[in-house]
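Coordinate analysis (summary)
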Amino acid sequence: MIQINGFSGFVSKIIEISNKEKEDKVNWEFYLHRVADKSYSDFLKGLKVAGKVKNIEQADRNNNDDFKTEIKQTIENAMKVLDDFNRRG
């Protein structure tokens, strides 16, 4: 893999594997010490469902016009503060 100029892909794969192992270990430790009413497989399924719900909520938030308006207002307010700061400086 390294010989065909795939070094960055190789490193990325190693990091991905390491992160997955750490995530699995954290999930297992949490399950052992905090979860008593589910099997480990049910616990993992619940994590996946919760992740999907979070992603759906984030997608809804990004498509929400009120949220977009709030972001625009925040950016405008920040720009006003920076302009004021530049005028004083």
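What counts as what
Residues numbered from 1 in each chain as written. Predicted model: local features only at pLDDT ≥ 70, side-chain atom pairs only at ≥ 80, totals over all residues. Heavy atoms only, no water. Helix = DSSP H or I, 4+ residues; strand = E, 2+ residues; numbered from the N terminus. Buried < 20%, exposed > 50% of the residue type's maximum accessible area, 1.4 Å probe, protein only. Areas by Shrake-Rupley, 256 points an atom, 1.4 Å probe, with all protein chains shown as cover. Salt bridge = Lys/Arg side-chain N within 4 Å of Asp/Glu carboxyl O.

1. Description of the overall build of the protein
- The secondary structure content of the protein amounts to 3 helices and 0 strands.
- Counting from the amino terminus, helix and strand elements in the protein follow one another as α-α-α.
- For the protein, with 89 residues in total, the buried portion stands at 6%.
- Total accessible area on the protein stands at roughly 8300 Å², and carbon and sulfur atoms take up 56% of it.

2. Observations concerning the side chain of asparagine 27
- Here asparagine 27 is to be found in helix H1 (residues 7-34).
- We classify asparagine 27 as buried; its relative accessible area is 15%.

3. Concerning the pattern of salt bridges
- Scanning the model with the defined rule gives 2 salt bridges in all.
- Between glutamate 16 and lysine 13 there is a salt bridge, with its nearest N and O atoms 3.6 Å apart. Here glutamate 16 pairs with lysine 13, and both are found in helix H1, just 3 residues apart, close to one helical turn.
- A relative accessible area of 48% means that glutamate 16 is categorised as partly exposed.
- Note on lysine 13: relative accessible area 42%, which makes it partly exposed.

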